[in-house]
Amino acid sequence: MKIALLGYGKMGQVIERIALIRGHEIVLKKDEHNTYEGLSNADVAIDFSIPTAAVSNISNCFENNVPVISGTTGWLEHYEEMVALCNEKNGAFLSSSNFSLGVNIFFELNEYLAKMMAKLDSYSIEMEEIHHTQKLDAPSGTAISLAKGVIENSNYTNWTLETPEANEIHIEAKRIGTVPGTHTVTYNSVVDSVEIKHTAHSREGFALGAVIAAEWIFGKKGVFSMKDVLDLK
C-alpha cells in the first residue's frame, strides 16, 4: 500500500518506520517546506501534523480521492465541516484523538465504568493527563474524549481545566519532560476511590494503531472511528 505522511515530525517518523516494516511504501512526506505533490499517488494518507494544518491536509485528501486517517488534535471545531466535505466527495475519513489500541479499549472501559458510577451519588470524578512539554494542546484530545465518554453516560454536562462547578469534570493537564501520555480517571468518595489508568510507554503504540487504521480503511467509503477498526460497536 502507498502511504502519504502529512506531517513529518516525531510521530510521522515513527509511523514511517512501522509502515515500512509492515511492507508499505511512503510516497509523500509533507511538512511546512514542501507541497502536496505525490498525494494523488497514495492509497491512503495519515495526518499527524499541527492544528493549523489539519483542515488543509484533510481537504486536499478528499480533493485527490485519497482516504485519510487523522490523528491531529486541537482542530475539532472544524470536524463536522470535514465530515460534510468527505460525504460530498464520497471519500473515506477516520479521525481519532488517540490511535493506541490500548487507549481505545480504555475508552470502552471508561464508558462502562461511567454508566455504573452514575448510579452512585457519593462519588465525584476527576481526570488527569500527563504529556511531554512539546505537546501543543491542553487538555489532550484523549482526555477530552474520555470526558465526553463520561458525559454521554452520566449526569455530568461539561469538562473544565478550572475549579469545577456542579456537574463539571475537572481535568488536570500536566506537561512533564518526554512523557508519551498518561491518562487517569478517578472516582472519589469519603470511604474509597475507584481508578482506571492508561500509561503509554512510547509513541510506537499510537503509530501502530494509525497504520492499522490505514490498512483497514483502504477501499472503503464513509466516516469511521476506531470502534469500527476494532469492531467494538
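Everything that follows concerns the structure shown earlier in this document.
Just so we're clear, the structure is a prediction, and the values are computed from it rather than from any experiment.

All right, on to the sheet that holds strand 10 (residues 193-199) then. Judged by pairing direction, the sheet is mixed, and its five strands sit side by side in the order 7-8-6-9-10 without closing on themselves. Strands with a single pairing partner mark the edges of an open sheet, and in this sheet they are strand 7 (158-160) and strand 10. With strand direction ignored, the average angle separating the axes of adjacent strands in the sheet is 20°. In this structure, strand 6 (residues 124-131) lies alongside strand 9 (residues 182-188), joined through seven bridges in antiparallel fashion. Residue pairing for strand 9: Met127 is matched across the bridge by Val185. Packed on one face of the sheet, helix 4 (residues 101-117) meets strand 6, strand 9 and strand 10 and runs near 165° to strand 10. With respect to the sheet, helix 5 (residues 141-151) is in contact with strand 6, strand 7, strand 8 (168-175) and strand 9, its orientation differing from that of strand 6 by roughly 165°.

Here we come to the nonpolar core. Core analysis: the biggest nonpolar cluster contains 26 residues, and Ile15, Ile46, Ile69, Leu94 and Phe99 have the highest contact counts within it. Within the residue set of this core, elements represented by two or more residues are strand 1 (2-6), helix 1 (10-21), strand 3 (44-47), strand 5 (92-95), helix 6 (204-217) and helix 7 (226-230). With seven residues, helix 6 is the single largest residue contributor to this core. Here Ile15 is in contact with Leu5, Ile46, Phe48, Ala207, Ala210 and Val211, once residues within four sequence places are set aside.

So, on to the packing of aromatic side chains. Enumeration according to the criterion identifies five aromatic pairs in this entry. Their ring planes at 50° and their centres at 6.4 Å tell us that Trp75 and Tyr79 sit as a pair that is tilted. Judged by relative accessible area, which is 1%, Trp75 ranks as buried. Summarising the aromatic geometry, the rings of Trp216 and Phe224 are spaced 5.0 Å apart at their centres and angled 85° between planes, so their arrangement reads as edge-to-face. Ring pairing ties together the aromatic residues Phe62, Trp75, Tyr79 and Phe93, which thus form one cluster.

One way to put it is that helix 4 packs onto helix 5 with a least axis distance of 8 Å and a crossing angle of 30°. Classified by the angle between their axes, helix 4 and helix 5 sit roughly parallel to one another. Like other packed secondary-structure pairs, helix 4 and helix 5 cross with a definite hand, here right-handed. Taking contact as the criterion, the partners of Val103, Phe106, Phe107, Asn110, Glu111 and Ala114 in helix 4 are, on helix 5, Thr142, Ser145, Leu146, Gly149 and Val150. Of the residues assigned to the contact of helix 4 with helix 5, the class counts are six nonpolar, four polar and one charged.

So, how was this worked out
- The numbers attached to residues start from 1 for each chain and follow its sequence in the written order.
- Since the coordinates come from a predicted model, pLDDT governs what is reported: local features require at least 70, and pairs of side-chain atoms require 80 or more to be given and counted, while whole-chain, interface and lining totals use all residues.
- Here the side-chain values reflect all heavy atoms present in the structure, with hydrogen atoms and water set aside.
- When DSSP finds two or more bridges between a pair of strands, those strands are recorded as paired.
- A run of DSSP states H or I qualifies as a helix once it reaches four residues; a run of E qualifies as a strand once it reaches two. Both are numbered from the N-terminal end.
- Axes here refer to lines fitted to C-alpha atoms; in helices the fit is confined to the stretch in contact. Angles between the N-to-C directions go from 0 to 180 degrees.
- What makes two residues a contact is simply this: any of their non-hydrogen atoms within 4.5 Å.
- Here the nonpolar core consists of buried residues drawn from Ala, Val, Leu, Ile, Met, Phe, Trp, Tyr and Cys, with membership extended through side-chain atoms lying within 4.5 Å.
- Burial status follows relative accessibility: with a 1.4 Å probe on protein chains alone, a residue under 20% of its type maximum counts as buried, one over 50% as exposed, and anything between as partly exposed.
- Each aromatic pair joins two rings of Phe, Tyr and Trp (for Trp, the six-membered one) with centres within 6.5 Å, and gets the label stacked for planes under 30 degrees apart, edge-to-face for over 60, and tilted for any other angle.
- Throughout this description, any angle smaller than 35 degrees is read as roughly parallel, any larger than 145 degrees as roughly antiparallel, any in the 65 to 115 degree range as roughly perpendicular, and the remainder as oblique.
- Each helix crossing is assigned a hand: it is left-handed if the near helix lies turned anticlockwise from the far helix by less than a right angle, otherwise right-handed if that turn is clockwise.
- Gly is placed with the polar residues, together with every amino acid not listed as nonpolar (Ala, Val, Leu, Ile, Met, Phe, Trp, Tyr, Cys and Pro) or charged (Asp, Glu, Lys and Arg).

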